[in-house]
Amino acid sequence: MNVRVVDYRAADAAAQFTRSLHETGFGVLVNHPLQQSLVEKIYADWLDFFDSPAKHDFAFDPQRQDGYFSTAISETAKGASHKDIKEYFHCYPWGRVPATLAEDVQRYYASTNALARELLGWVEQYTPADIAAHYSEPLSGMIADSQQTLLRVLRYPPLTGQEPAGSLRAAAHGDINLLTILPAANEPGLQVQDKQGSWVDVPCDFGMLIINIGDMLQEASRGYYPSTQHRVVNPQGEGAGKSRVSLPLFLHPRPEVVLSARHTAGSYLDERLRELGVKK
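Cut-offs used in this document
Residues numbered from 1 in each chain as written. Predicted model: local features only at pLDDT ≥ 70, side-chain atom pairs only at ≥ 80, totals over all residues. Heavy atoms only, no water. Buried < 20%, exposed > 50% of the residue type's maximum accessible area, 1.4 Å probe, protein only. Helix = DSSP H or I, 4+ residues; strand = E, 2+ residues; numbered from the N terminus. Pairing = 2+ DSSP bridges. 1 Å grid on protein atoms, 1.4 Å probe; cavity = no way out; pocket = protein on both sides within 12 Å on 5 of 7 lines; lining within 4 Å. Points joined across faces, edges and corners; volume = space filled by probe spheres on them. Nonpolar A, V, L, I, M, F, W, Y, C, P; charged D, E, K, R; others polar. Phe/Tyr/Trp six-rings, centres within 6.5 Å; stacked < 30°, edge-to-face > 60°. Lys NZ or Arg CZ within 6 Å of the ring centre and 35° of its normal. Axes fitted to C-alpha atoms, helices over the stretch in contact; angles between N-to-C directions. Parallel < 35°, antiparallel > 145°, perpendicular 65-115°, else oblique. Contact = heavy atoms within 4.5 Å.

(A) Representation of the pairing of strand β10 (residues 209–213) within the structure. Within β10, five of the five residues are buried, leaving the element largely enclosed by the surrounding structure. With four bridges joining them, strand β2 (residues 26–30) and β10 adopt antiparallel strand pairing. Across the sheet, residue Gly27 finds its bridge partner in β10, namely Ile211. Pairing analysis gives five bridges linking strand β7 (residues 179–183) to β10, with the strands arranged antiparallel.

Below, the structure is given as C-alpha cells:
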C-alpha cells in the first residue's frame with residue numbers, strides 16, 4: 001500500500017492527494033498551514049487535564065455527545081469484543097470545554113475546519129463526473145452551516161499489563177464522517193489495512209498531517225473513495241509506559257444531507273453510535 005506523502009504547497013498537491021485517497025483511503029500532507037506549536041501545546045495541556053480529577057466534571061451527555069468519555073465507557077469498535085483502551089473529550093463550538101483550554105481549542109478547531117473544507121473541495125474537484133452525478137448536492141454544500149463537525153481530544157493511557165488479552169488502544173475501525181484530519185500523534189501506533197488484509201504503519205513523523213476517508217464519503221461516492229480500516233496498536237517496551245495523545249477532527253455534514261438511497265447523514269450517525277455503544 002502506498003499512502004502518498006504530499007507537499008501541500010506543490011502545484012499538483014490536489015491531484016496527488018486525492019489519488020492517494022482514492023487508492024488507499026489515506027493521504028499525508030507536509031508543509032500544511034496548521035501550526036505545529038499550537039498542536040504541541042494542546043497535547044501538553046490536555047495531558048495535564050486527563051491526569052486531573054476535573055475531567056469528571058464534564059461527563060459526556062448521551063444525547064448531545066459532548067464532554068468527557070472515560071475508559072469505562074469508551075467505544076467498542078464494530079465487531080470487537082473489548083472496549084478500546086482510551087479516554088477522550090468531544091469538543092464542538094457549541095459544546096462544553098474547560099475554560100482554561102477553550103481558547104486554544106477554538107483556534108485549532110477553526111483553522112482545521114477551514115483546511116478540511118479546502119481538502120473536501122479537492123476531493124470534489126477530482127471526483128469523476130459519473131460518481132459526482134450521484135452526490136445529492138456538492139460535497140462543499142453538505143458541510144455548509146454544519147454543527148456536527150467534531151474535534152476529539154484522545155488520550156491513550158500508559159499500559160498497566162492488566163489489559164484484557166487482545167484489547168488494543170483502538171481496534172480496527174472505519175471512521176463515520178466525510179474526512180478525518182489528524183496531526184501526527186506524540187507517539188507512533190497508527191496502522192492502516194491494505195487490500196490484502198495486512199497492516200501497514202502510516203507515516204507519522206511529528207508535523208505530518210494524516211487525512212482519511214470516512215464511511216459517509218464512501219457511502220456518498222459509492223465506494224470510489226474507500227473508508228479504510230485502521231487501528232492504533234499497543235506499544236512495546238519503554239513506549240508502553242507513555243501516554244499517547246491524538247487530535248482528530250471529524251468533518252461531518254448536516255444531519256438532513258442525503259448520502260444515498262439508504263441513509264441521511266443523521267440516520268447513518270445514529271446507527272453507528274449505537275453500534276459503538278455510546279448511544280441508545
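From this point, the narrative continues.
(B) Molecular detail of the layout of surface pockets. There is about 660 Å³ of room inside the largest pocket. In terms of lining, the largest pocket is formed by 47 residues, of which the most central are Glu75, Leu150, Arg152, Ile176 and Phe250. Listed by contribution, the elements that provide at least two residues to the lining of the largest pocket are β5 (150–156), β6 (170–173), β7, β11 (230–232), β12 (244–246) and α7 (265–276). Here the element with the most residues in the lining of the largest pocket is α7; it accounts for seven residues. For the lining of the largest pocket, the class distribution of residues is 22 nonpolar, 13 polar and 12 charged. Put simply, the second largest pocket is a space of about 230 Å³. Lining the second largest pocket are 16 residues; nearest its centre among them are Lys78, Asp215, Tyr268, Arg272 and Glu275.

(C) A look at the packing of aromatic side chains. Per the stated rule, a full pass over the model turns up 15 aromatic pairs. Where Tyr224 meets Tyr225, the ring centres are 4.9 Å apart and the plane angle is 90°; that geometry is what we call edge-to-face. We classify Tyr224 as partly exposed; its relative accessible area is 21%. With relative accessibility at 0%, the residue Tyr225 sits in the buried group. Aromatic ring contacts, followed pair by pair, group Trp46, Phe49, Phe50, Phe58, Tyr68 and Phe89 into a single cluster. The side chain of Arg152 reaches across the aromatic face of Tyr88, ending 4.1 Å from its centre.

(D) Representation of the packing of helix α1 (residues 13–24) against helix α3 (residues 99–125). One can describe the packing of α1 onto α3 by two numbers: an axis separation of 9 Å at closest approach and a directional angle of 80°. By the angle between their directions, the pair α1 and α3 is classed as roughly perpendicular. Where α1 approaches α3, its residues Ala13, Ala14, Phe17, Thr18 and Leu21 are matched on the opposing element by Leu119, Trp122 and Val123. Residues of the contact of α1 with α3, tallied by class, amount to seven nonpolar, one polar and no charged.

(E) Molecular detail of the environment of Asp48. Mapped onto the secondary structure, Asp48 falls in helix α2 (residues 36–50). Using a relative accessible area of 55% as the deciding quantity, one classes Asp48 as exposed. Taking C-alpha positions, Asp48 is 35 Å from Leu217, a pair spaced 169 residues apart along the chain.

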